[in-house]
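# Inside the fold
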Protein chains: 4
Amino acid sequence: MKDVRIGLIGTGYIGRAHAIAYAQAPTVFPLKGNLVKAMLAEVSPELAAKRAQEFGFQRSTGDWHELVADPDIDVVDICAPNFLHKTMAMAAIQHGKHVYSEKPLALNARDAREMVDAAQRAGVKTLVGFNYMKNPTSQLAKEIIASGEIGEVVHFYGTHNEDYLADPNKPADWHCFKETAGLGALDDLAAHIVNMAQYLVGDIASVCGDLQTVITQRPTAPGSSEVVLVENEDQAHAMVRFVSGARGVIETSRIACGRKMGLTYVVTGTKGTLSFTQERMAELKLYRHDEPEHRQGFKTLLTGPQHPDYAAFCASAGHGIGFNDQKTVEVRDLIDGIAADVPMWPDFEEGWKVSRVLDAIVQSHETARWVNVDEVG
Amino acid sequence: MKDVRIGLIGTGYIGRAHAIAYAQAPTVFPLKGNLVKAMLAEVSPELAAKRAQEFGFQRSTGDWHELVADPDIDVVDICAPNFLHKTMAMAAIQHGKHVYSEKPLALNARDAREMVDAAQRAGVKTLVGFNYMKNPTSQLAKEIIASGEIGEVVHFYGTHNEDYLADPNKPADWHCFKETAGLGALDDLAAHIVNMAQYLVGDIASVCGDLQTVITQRPTAPGSSEVVLVENEDQAHAMVRFVSGARGVIETSRIACGRKMGLTYVVTGTKGTLSFTQERMAELKLYRHDEPEHRQGFKTLLTGPQHPDYAAFCASAGHGIGFNDQKTVEVRDLIDGIAADVPMWPDFEEGWKVSRVLDAIVQSHETARWVNVDEVG
Amino acid sequence: MKDVRIGLIGTGYIGRAHAIAYAQAPTVFPLKGNLVKAMLAEVSPELAAKRAQEFGFQRSTGDWHELVADPDIDVVDICAPNFLHKTMAMAAIQHGKHVYSEKPLALNARDAREMVDAAQRAGVKTLVGFNYMKNPTSQLAKEIIASGEIGEVVHFYGTHNEDYLADPNKPADWHCFKETAGLGALDDLAAHIVNMAQYLVGDIASVCGDLQTVITQRPTAPGSSEVVLVENEDQAHAMVRFVSGARGVIETSRIACGRKMGLTYVVTGTKGTLSFTQERMAELKLYRHDEPEHRQGFKTLLTGPQHPDYAAFCASAGHGIGFNDQKTVEVRDLIDGIAADVPMWPDFEEGWKVSRVLDAIVQSHETARWVNVDEVG
Amino acid sequence: MKDVRIGLIGTGYIGRAHAIAYAQAPTVFPLKGNLVKAMLAEVSPELAAKRAQEFGFQRSTGDWHELVADPDIDVVDICAPNFLHKTMAMAAIQHGKHVYSEKPLALNARDAREMVDAAQRAGVKTLVGFNYMKNPTSQLAKEIIASGEIGEVVHFYGTHNEDYLADPNKPADWHCFKETAGLGALDDLAAHIVNMAQYLVGDIASVCGDLQTVITQRPTAPGSSEVVLVENEDQAHAMVRFVSGARGVIETSRIACGRKMGLTYVVTGTKGTLSFTQERMAELKLYRHDEPEHRQGFKTLLTGPQHPDYAAFCASAGHGIGFNDQKTVEVRDLIDGIAADVPMWPDFEEGWKVSRVLDAIVQSHETARWVNVDEVG
């Protein structure tokens, strides 16, 4: 079996999730390639070495440039902060590496487009870490929609709300500044729900959005009386129109008190409706309007081995899947895609499409009008 | 105790709910006036007489003009189809009657404004049947918001979705035509959630909306192959900005498969969040961000005698309140308002404000831009 | 139409619910008799007169003996404390009145049996206020079970838990003493769930129970340091075997922190399962095992006009029914039963059967063995 | 760091879960020992070799006797069918190995006791795979109870219900026979909830139970008309009394239509209540009776990094944990326990205690009386 040698950059919040997925995947799935945890880069050689040992990587480096140039690496996996995604990906592509990047692909759609073009020219494969669509439950939602069980989709309501910046006394960090984060809740959270919308209902054609920075300044450090201006939005929402003709609304917030993992969607079709919240990530609610009127109702499907990709984790329904499991599905797609030389999705093109929707929402807000996503980037 | 003599026009779906409320109210509440079921009008003398007997009204008539002119009537209660509200109310006002009208107050904001002005000139009291805000649970929501428990409101998400026209084979009825219904889901359903939004968060200042008629034609009769064009929207949504600075989204649909009573709201504040769905009308979910992090979560409050207007129905929490109970609270407000000569709310002015928001959503849709509600009507 | 003249004794918690039901019923339902609120008895003439006026009764008395003997009364409605049920009912029967009594029918099965026999001898009709089984949602459960949709019932789990005595500092009241209340949680609460079990699954044949008084003494008054012994159980549970062969468990508690209206049941059949909680009294969860494995799940039915007795309250599903509505259904059964001279249920015989099950649970606890309910009373 | 060399026997349903946990654990947790996947045994050398490769084990064998005798194995991990647990464990102990066994520890309490004694004499460490108590959410429940937040526990209601044998046409397999499975639902499922009860509330002192085989015969093969008798119970329930004085009920079923992972509990204390269902394994509902009456309610805690063992999987609350994650916690306990030479729990003694409770339930059923668990085994 062909080796797929991974070079991982970054071991923070999401880098750690990647590491867990790399650990799990070969046992969970019959992978088509031999996953090799080849090299790991961090901001210092010491930290890199420490993490390499923890995560079972063979080699490590304090300089990511070394990693992207290493001849014994097949895939560069980018888990560094948002503003570094483009630089790292372009360097990796230049060295002919396949690239597996965390979302958002770039700080804006134009940058994302450059990355798509570079990857295409270089003939490398790409994958973006929109892991929530890999959740077996959301795959089931896709399957149900594709089968026509709920008819034609006429409406999509989706959110990705969390509350990690709800406390106004929480100091500003890199998420709050344009140079380091790009957008606020839109890039950090809404990227996921825009991708999910497109996965389930197809591409978004136009948007009309509204953004707001509610907590306009924050302390520079815990308890400090010195404050700094917050540069990007705390909350945003947009009306959207899909290419298919479906309409909808997307909302996002990083100050939505009480929402810890508020990725949710309601997909309404002409014959039925699906409802989902990631906080109950193994449940999908399905309503069928063609049932007899006295027996209509939302049915709670507990994801199980009859549904996509669940059986690999457990042979019994309702036993539960976790956050890292969806990342493990993503890693399966990565290894299989590269080993078997088949397309992967969501690729950089989808990453760019998501960025384009987000940028269009911002433009719409600034110009107080509807914006076609084609106008952007 | 002063008599409050009711003249009820119309005994369909909502007229019947009024009748049940009139039956219940004097036993449930210590009313400040003596509720007299004086007279009832229907489309024929026979039907009027039949309903008067069923509902315990003293007299009946097949001609509503007679009712509004009757000297022994204090309040005209209008439960006729939407397009008659204005005509009947203007006639009642002309005869110096107080008016209790079902929503929507009129087919458009300009008509509603005329009604407000006429009532003010005549010095009569008015009340509009936005009964969902009379639900003790939503009164509790208001109380919690007013007390500052969830801080300043920063976001409102509200829906009123149902599925009574989800079936494309369902024939067109009066709801589908502009002349009889005015707007579609907006007038029929969204009027409630706009009123609720204004009740909980204050007046809406501007809107940006999108409307869609999904099922563009319907049979003229069950099973008929003859079809007729549907003239108003099946679904609509709008971004809204409140006078207070809060932002939000409002959605409505009459083809939302599976939603039988989908009036819902999530009110997010700087310190907490409230979440409610009318399908579980006796539950309010409250989240407080100032609780210790390891004990944060949404708490399900079951409405009980410690909450507004519940004790009148039952002395124990969690025992449940029903649809007609909120109408009974409304009738209590009516009788007390008139008997004790105190202001009632939501009055015609609020009815006009709601119509104005709905009209602004339509204008916004037609002009593809934000519309200040002040621009309307 | 024949008059059905009601004589109501007692206007506390449950008497008030009766009054509301009397007020509502003639408007909600097309009754077969003419409901006359004839007379009301309370502990003093003054209170009786006051309540009569509030509840719309024609006459009143401070002496219930007068009421039961009154020739212009057809039905005696007993809403006095438990220990008076038997005395009042026997007196009413002696005067040839039909009797509508609140639960528990008596303080023990022997007394209940005497009441059954007396009523049979006198040829009067009887009805016991087990109102929760009148809830349209539980009627729907019955309908589903009877239709065979969930196959043969193999298991019943039911509770009636509340927390009104959870606070150990709450003073002892009449509920805590054998002479006034009889049993504790069993009589006060479990009577309902035993009736529901028998309604849904058929008669209980044998039981094996366990009782416990957790808070063994309570203050005599709020804040008092003087205490008194609690004489009956705070919590109890029992294994039960039905005549049908089904097995099950019944639990009750008056100190179940957090349960405000914890009447719940799960009925498991060979082909499906029903699940219900009274705190969401308009929802029934239905699971069908014969659905395809990948679409199995509990479906939430919102009670609506297609279900028993709901349409009388509202023409739309999911709009909600309240505590007093189920009492209104009960009053409909009362008036129709008497006016049309048809059997009513649950009658005194069912009241006795419930008492017999409760007494058998106590005997089982005292003798630490299974007890056939036939052995009792 | 000390090596902990694992010898895994069996790679079916639960053996696979162990393998996934072994794969994940070193990345998820900073283990105190070096986890070595040393050897794997299956029923044939071919299957063993195949699985060893899939699961990353160094060596393999078609004969488990070889594995337990291998000098380079520290821990024998028994994932074979129930009836082999004792034989394998005794052999492993004889060779001085630590033993990590799946539940139930043995087919009866007497056998389990022999295993406890053998392990003690040999001075080896033991661990039983009651993985549900390793779920961070149930650890949180334990923490809350131990802290006194809900006062003294007065009642425990627990279930482990599933529906894998609900279909009467499903052929009999090894679960249905005494020789291979021992008990039915009790051993297969209730073992978990009995362990959970003892984890949360302390040891059970006495029980009174009822068992039933509902589907008394089953086909020998799919579609076959030949049938065989089912030898053990489909459903069972028992009243229990804890050493602490708390009372409760435990239920189990393998024919509970609709329950896919029905391990649930409600723990009622004098000051509050906890409620949990494994189908929503990352949610715990907490009620505090000492909150102001108008703000009382069950609060939904989403397990997060502030709670035990969650942070190792994800740094954000509400993002979810899965079935294999609780097994990974168990493996952490195993490796740390052996490497650091500290006690592990639940050990064989707890395994024996659980078996004793299950046997006592059977004895109670057979003798129709309460049974002290001390009387057993």
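Per an unreviewed UniProt entry, chain A goes by the name Gfo/Idh/MocA family oxidoreductase and belongs to Pectobacterium araliae.

## Observations concerning the overall build of chain A
The helix and strand inventory of chain A stands at 10 helices and 17 strands. Overall, chain A is about 65 × 55 × 40 Å in size when its C-alpha atoms are taken along their principal axes. Per-residue burial for chain A yields a buried fraction of 68% across its 377 residues. Across chain A, every contact between residues at least 6 apart in sequence was considered, and the portion connecting residues at least 24 apart equals 69%. Carbon and sulfur atoms form 50% of the exposed surface of chain A, whose accessible area is close to 12100 Å². Averaging the positions of the 36 positive and the 49 negative side-chain charges in chain A gives two centres separated by 3 Å.

## A short note on the relation of the copies chain A and chain B
Taken together, a rotation about one axis and a shift along it account for how the two chain copies relate. With an RMSD of 0.0 Å, chain A superimposes on chain B once it is rotated by 180° and translated 0.0 Å along the axis. Seen this way, the second copy is the image of the first under a two-fold rotation axis. The position closest to the rotation axis in chain A is occupied by the C-alpha of Arg369(A), lying 2.7 Å away.

## Notes on the relation of the copies chain A and chain C
With an RMSD of 0.0 Å, chain A superimposes on chain C once it is rotated by 180° and translated 0.0 Å along the axis. Mapped onto chain C, 100% of the interface residues of chain A are again interface residues, and the two copies thus contact each other with one and the same surface.

## Considering the confidence of the model for chain A
Looking at chain A as a whole, the pLDDT averages 97, with 100% of positions reaching at least 70. Our summary of model confidence lists the complex with pTM equal to 0.98 and ipTM equal to 0.97.

## What to know about the UniProt feature "domain: Gfo/Idh/MocA-like oxidoreductase N-terminal" (unreviewed entry) in chain A
The UniProt feature table records "domain: Gfo/Idh/MocA-like oxidoreductase N-terminal" (unreviewed entry) at residues 4–130 of chain A. Its end C-alpha atoms 21 Å apart, residues 4–130 of chain A is made of 45% helix and 22% strand.

## Side note on the state of the cysteines
Here is the idea: a disulfide is a covalent bond, and it sits between the sulfur atoms of two cysteines. Inspection of the entire model under this criterion finds 0 disulfides over all chains. Sulfur of Cys79(A): no disulfide; nearest cysteine sulfur belongs to Cys314(D) and is 14 Å away. Of all cysteine sulfurs in the structure, the one in Cys208(D) sits closest to Cys208(C), which takes part in no disulfide; the separation is 3.6 Å.

## Let's talk about unusual backbone geometry
Each neighbour pair has its own omega, and for Trp345(A) with Pro346(A) the value is 0°, a cis peptide bond. Residue position: Pro346(A) is located in the loop between helix H9 (323–339) and helix H10 (348–367). Following Lys103(C), the chain continues into Pro104(C) via a peptide bond in cis, with omega recorded as -10°. The phi dihedral of Asp341(A) is positive, around 55°, even though this residue is not glycine. Mapped onto the secondary structure, Asp341(A) falls in the loop between H9 and H10. Looking at Asp341(A), the relative accessible area reads 57%, which means it is exposed. The backbone phi angle of Ala368(C) is positive, close to 55°, even though this residue is not glycine. Considering the arrangement of structural elements, one finds Ala368(C) in the loop between helix H10 (348–367) and strand E17 (371–372). What makes Ala368(C) partly exposed here is its relative accessible area of 35%.

## Things to note about helix H4 (residues 85–94) of chain C
Spacing of three or four residues puts side chains on the same side of an α-helix, whose turn is 3.6 residues. Residues and elements named next belong to chain C. Of all 10 residues making up H4, 7 are buried, and the element is well covered by its neighbours. The set of residues buried in H4 consists of His85, Lys86, Met88, Ala89, Ala91, Ala92 and Ile93. On the buried face of H4, the contacting elements are strand E1 (3–9), helix H3 (64–69), strand E4 (75–78), strand E5 (98–101), helix H5 (109–122) and H10. Of the residues trailing H4, Gly96 is marked for its positive phi of about 75°.

## Section: the interface of chain A and chain C
Quoted interface sizes are often the accessible area lost when the parts come together. Contact with chain A, which involves 16 residues of that partner, is made by 16 residues of chain C. A buried area of about 1300 Å², summed over both sides, lies between chain A and chain C, and 42% of it is on carbon and sulfur atoms. Of all residues in chain A, Arg295(A), Lys299(A) and Gln306(A) give up the largest surface area on contact with chain C, accounting jointly for 45% of the area buried on that side. At the junction of chain A and chain C, the tally comes to 4 salt bridges. On the surface where chain A and chain C come into contact, there are 12 residue pairs in polar contact (both at pLDDT 80 or more). Elements with a minimum of two residues in the side of chain A that touches chain C: helix H6 (136–146) and strand E16 (298–302) of chain A. Sort the elements by how many residues they give to the side of chain A that touches chain C and E16(A) lands first, with 4 residues. In terms of residue class, the side of chain A that touches chain C is made up of 5 nonpolar, 6 polar and 5 charged. Relative to strand E16 (residues 298–302) of chain C, E16(A) runs antiparallel, the two sharing 3 bridges.

## Looking at the pattern of salt bridges
Residues and elements named next belong to chain D. One pass over the structure, following the stated rule, counts 112 salt bridges over all chains. Among the salt bridges present, the one from Arg259 reaches Glu279, with a minimum N-O distance of 3.1 Å. With Arg259 in the loop between strand E12 (247–253) and strand E13 (262–269) and Glu279 in the loop between strand E14 (272–277) and strand E15 (283–288), this pair connects stretches of sequence that are 20 residues apart. Since its relative accessible area comes to 25%, Arg259 is described here as partly exposed.

## Considerations on the environment of Thr27(A)
Examined against the element boundaries, Thr27(A) turns out to sit in helix H1 (residues 13–28). Spatially, the C-alpha atom of Thr27(A) lies 44 Å from that of Leu211(A), the residues being 184 residues apart in sequence. Beyond its immediate sequence surroundings of up to four residues, Thr27(A) is in contact with Arg16(D), Ala19(D), Ile20(D), Ala23(D), Glu54(D) and Phe55(D).

## Considering the packing of aromatic side chains
Each aromatic ring pair is described using two quantities: the centre-to-centre distance and the angle formed by the ring planes. Under the definition given, this model contains 34 aromatic pairs over all chains. Here Tyr132(C) and Phe323(C) contribute two aromatic rings whose centre-to-centre distance is 6.2 Å and whose plane-to-plane angle is 50°, an arrangement assigned as tilted. With Tyr132(C) in the loop between strand E6 (126–128) and helix H6 (136–146) and Phe323(C) in helix H9 (residues 323–339), this pair connects stretches of sequence that are 191 residues apart. Tyr132(C) gets classed as buried once you look at its relative accessible area, which sits at 5%. For Phe323(C), a relative accessible area of 3% translates into the label buried. Taken together, Phe156(A), Phe242(A), Tyr265(A) and Phe276(A) form an aromatic cluster joined through their ring pairs. If you follow Arg241(A) out to its NZ or CZ, it ends over the ring of Trp370(A), 4.8 Å from the centre. Arg356(C) extends its terminal NZ or CZ atom over the ring of Trp352(C), reaching a point 4.2 Å from the ring centre.

## Considerations on the sheet that holds strand E6 (residues 126–128) of chain D
Residues and elements named next belong to chain D. One open sheet accounts for 6 strands, arranged E3-E2-E1-E4-E5-E6; its pairing is parallel. Every other strand in the sheet has two partners, leaving strand E3 (59–61) and E6 as the edge strands with one partner each. Put simply, the sheet's adjacent strands are angled 20° from each other on average, direction ignored. As judged from the 7 bridges shared by strand E1 (residues 3–9) and strand E2 (residues 34–41), these two strands associate in the parallel manner. Paired with Arg5 across the strands is Val36, a residue of E2.

## Quick word on H10(A)
Residues and elements named next belong to chain A. For H10, spanning 20 residues, the distance from its first C-alpha to its last is 28 Å, which sits close to the expected 28 Å at 1.5 Å a residue. Of all 20 residues making up H10, 15 are buried, and the element is well covered by its neighbours. In the stretch just after H10, Ala368 is the one whose phi turns positive, near 55°.

## Description of the sheet that holds strand E1 (residues 3–9) of chain B
All names here are of chain B. Read from one edge of the open sheet, 6 strands run E3-E2-E1-E4-E5-E6, paired in parallel fashion. Sheet topology places strand E3 (59–61) and strand E6 (126–128) at the edges, where each strand pairs with a single neighbour. Looking at each pair of strands side by side, their axes are set apart by 20° on average, direction ignored. Pairing geometry for strand E5 (residues 98–101) and E6, over 3 bridges, is parallel. Note that in E6 the partner of Val99 across the bridge is Thr126.

The rules we used
Residues numbered from 1 in each chain as written. Chains lettered and ligands numbered in written order. Predicted model: local features only at pLDDT ≥ 70, side-chain atom pairs only at ≥ 80, totals over all residues. Heavy atoms only, no water. Helix = DSSP H or I, 4+ residues; strand = E, 2+ residues; numbered from the N terminus. Buried < 20%, exposed > 50% of the residue type's maximum accessible area, 1.4 Å probe, protein only. Contact = heavy atoms within 4.5 Å. Areas by Shrake-Rupley, 256 points an atom, 1.4 Å probe, with all protein chains shown as cover. Lys, Arg positive; Asp, Glu negative; His and termini not counted. Charge placed at Lys NZ, Arg CZ, Asp CG, Glu CD. Least-squares fit on C-alpha atoms with pLDDT ≥ 70 in both. pLDDT = per-residue confidence, 0-100. UniProt positions renumbered as here; feature names shortened; annotations may be inferred. Disulfide = S-S within 2.5 Å. Buried area = accessible area lost by both parts, 1.4 Å probe. Salt bridge = Lys/Arg side-chain N within 4 Å of Asp/Glu carboxyl O. Polar contact = N/O pair within 3.5 Å; in protein donor to acceptor, adjacent residues only side chain to side chain. Nonpolar A, V, L, I, M, F, W, Y, C, P; charged D, E, K, R; others polar. Pairing = 2+ DSSP bridges. Phe/Tyr/Trp six-rings, centres within 6.5 Å; stacked < 30°, edge-to-face > 60°. Lys NZ or Arg CZ within 6 Å of the ring centre and 35° of its normal. Axes fitted to C-alpha atoms, helices over the stretch in contact; angles between N-to-C directions. Expected span 1.5 Å × (residues − 1).

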